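Take a look at the letters that make up each chain.
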Amino acid sequence: MNFNLSEEHLAVQEAARDFARNELLPGIIERDNEARFPAEQVKRMAELGFLGMMVPPEYGGGGMDTVSYVLAMEELSKIDASASVIMSVNNSLVCYGLEAFGTEAQKQKYLTRLAAGETIGAFCLSEPEAGSDATSQATTAEDKGDYYLVNGTKNWITNGNSSGICLVIAQTDREKKHRGINCLIIEKGTPGFVVGKKEDKMGIRASDTHSLLFTDVKVPKENRIGEDGFGFKFAMSTLNGGRIGIAAQALGIAAGAYELSLKYSQERKAFGKQIFDHQAIQFKLAEMATKIEAARLLVYKAARLKDEHKDYVRAAAMAKLFASDVAMWATTEAVQIHGGYGYVKEFHVERLMRDAKITQIYEGTSEIQKLVIARELIR
Ligand code: CAA
């Protein structure tokens, strides 16, 4: 297996690193404190092409591979996981979903706008009573001939308020169970579609997470993605790729915490020497570096498999499971290395620790990843 990154990959990595340091870092503590959406920064992400990285150029995207995407995700996540989840949902759930399964008309109408960053997208699967148990959709999309009538509530929707285009999963025929579920493209401003409560979150506080309410929302049939009943398969297939993005986010959070800790360990003195010279700290850093490298290899492997059009379901789930656990563990160690300073905001590691937690929960909890992996083992 070739682990070398191409010149193009290295250029993307450097561009993402520069953007994160120069444009995401300033004001990050305030945005986190105030749970303020990074509107200006997202605009810049659009200008720099981070919002439609893998979208083919004919639809206005960057036409890049998944490896480039995970490299960019890692760099942004080292600093700002709120910004990177906005990017992740737009790229690997919404843009990818439309590109892989949308009609030409849907791509022209919606994908072009999303790739250009004219608006951002939201992926609406979770409900108050359906998180991990995603087949239990209570939101309905009643077939009314040439349109669907949508009713229900979606919960914990990333980009909930800021998005203009939403991919909404809903049940059309309950008797057919998950094979009676559809995915509909619903634009903000459609009558009956209202943005609900904003969540006050532990981490990724600057990303806007909302409930979305649908009351008798009329959606034309042409806005359905795929054949009738394809919605659940659509959600699962799209999430397989999404999980690579979140794995890269977790990797970036862990690597960001490690880099800060390595630097701090060479600045802070205790007992007459740099704390790096104490074996207790060296062992922590050595273990962090090793686990982060292992997570990185899993993430790159999953991305490469996707780029080579090979089966990546198991690899993506393994990457997310492992990288998110590494993120939670490494950020906790980072706080410990920083001691009292680690527990206050200006040293950044406490935010990374809070941000890390969600990577074990969204786009499939760690328990769901284990389920996916186990099923793949005997497939
Ligand atoms: N890839 C492709 N297809 C899949 C799949 C996968 N990973 N997992 C299941 N499927 C297909 C199955 O093949 C089956 O299709 P057929 O009937 O045609 O054969 C169908 O989906 C139903 O599968 P199961 O019978 O296995 O259904 P289940 O209820 O036993 O389990 C599950 C399904 C794996 C638990 C699934 O519900 C799941 O992944 N849950 C987690 C949901 C999730 O990840 N939510 C994240 C929310 S989105 C989010 O977080 C975005 C954000 O804002 C950041």
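Everything numeric in this text was worked out from a predicted model, so none of it was measured.

Brief notes about the packing of helix 9 (residues 313-338) against helix 11 (residues 366-377)
- Direction vectors running N to C along helix 9 and helix 11 enclose 145°, while the axes themselves pass 9 Å from each other. Like other packed secondary-structure pairs, helix 9 and helix 11 cross with a definite hand, here left-handed. For the pair helix 9 and helix 11, the contacting residues are Val-313, Arg-314, Ala-317, Met-318, Lys-320, Leu-321, Ser-324 and Asp-325 in the first and Ser-366, Gln-369, Lys-370, Val-372, Ile-373, Glu-376 and Leu-377 in the second.
- A breakdown of the residues in the contact of helix 9 with helix 11 according to their chemical character gives 7 nonpolar, 3 polar and 5 charged.

What about the UniProt feature "domain: Acyl-CoA oxidase/dehydrogenase middle" (unreviewed entry) in the chain?
- The UniProt entry lists residues 122-217 under the feature "domain: Acyl-CoA oxidase/dehydrogenase middle" (unreviewed entry), expressed in the numbering used here.
- The span residues 122-217 is 0% helical and 52% strand by assignment, and the distance between its end C-alpha atoms comes to 17 Å.

A closer look at the UniProt feature "domain: Acyl-CoA dehydrogenase/oxidase N-terminal" (unreviewed entry) in the chain
- Taking the UniProt record as the reference, the feature "domain: Acyl-CoA dehydrogenase/oxidase N-terminal" (unreviewed entry) is found at residues 6-118.
- For residues 6-118, helix accounts for 72% and strand for 0%, while the C-alpha atoms at its two ends are 30 Å apart.

Here's the deal with helix 1 (residues 7-24)
- Under the 1.5 Å per step criterion, the end-to-end length of helix 1 is 24 Å for 18 residues, consistent within 8% with the ideal 26 Å.
- Of all the positions in helix 1, only His-9, Val-12, Gln-13, Ala-16, Phe-19, Ala-20 and Leu-24 are classed as buried. For helix 1, the arc enclosing every buried residue in end-on projection is 130°, short of the 170-degree limit, so these residues lie on one face. Facing away from the buried side of helix 1 by over 90 degrees, the exposed positions are Glu-7 and Asn-22.
- Buried residues belonging to helix 1 abut helix 2 (28-34), helix 3 (39-47), helix 4 (66-79), helix 5 (81-101) and helix 8 (279-307).

Focus: the packing of aromatic side chains
- Scanning the model with the defined rule gives 8 aromatic pairs in all.
- Ring centres 6.4 Å apart and planes at 65° place the aromatic pair Tyr-264 and Tyr-341 in the edge-to-face group. On the criterion of sequence distance, the pair formed by Tyr-264 in helix 7 (residues 231-265) and Tyr-341 in the loop between helix 9 and helix 10 (349-358) is long-range, its members being 77 residues apart.
- Overall, Tyr-264 belongs to the buried group, its relative accessible area being 8%.
- Taking relative accessible area as the criterion, Tyr-341 reaches 40% and is therefore assigned partly exposed.
- Between Tyr-341 and Phe-347, the ring centres sit 4.8 Å apart and the planes meet at 35°, which makes this aromatic pair tilted.

Quick look at the nonpolar core
- Counting 93 residues, the largest nonpolar core has Met-45, Met-87 and Phe-123 as its most contacted members.
- The leading source of residues in this core is helix 7, at 16 residues.
- If near-sequence neighbours (up to four positions away) are discounted, Met-87 is found in contact with Met-45, Phe-50, Leu-51, Met-53, Tyr-69, Ala-72, Met-73 and Leu-76.
- Core analysis: the next-biggest nonpolar cluster, separate from the first, contains 16 residues, Tyr-148, Cys-166, Phe-193 and Phe-214 among them.

How each quantity is defined
- Residues numbered from 1 in each chain as written.
- Predicted model: local features only at pLDDT ≥ 70, side-chain atom pairs only at ≥ 80, totals over all residues.
- Heavy atoms only, no water.
- Axes fitted to C-alpha atoms, helices over the stretch in contact; angles between N-to-C directions.
- Helix = DSSP H or I, 4+ residues; strand = E, 2+ residues; numbered from the N terminus.
- Left-handed = near helix turned anticlockwise from the far one by under 90°.
- Contact = heavy atoms within 4.5 Å.
- Nonpolar A, V, L, I, M, F, W, Y, C, P; charged D, E, K, R; others polar.
- UniProt positions renumbered as here; feature names shortened; annotations may be inferred.
- Expected span 1.5 Å × (residues − 1).
- Buried < 20%, exposed > 50% of the residue type's maximum accessible area, 1.4 Å probe, protein only.
- Arc of directions from axis to C-beta.
- Phe/Tyr/Trp six-rings, centres within 6.5 Å; stacked < 30°, edge-to-face > 60°.
- Core = buried A, V, L, I, M, F, W, Y, C linked by side-chain atoms within 4.5 Å.

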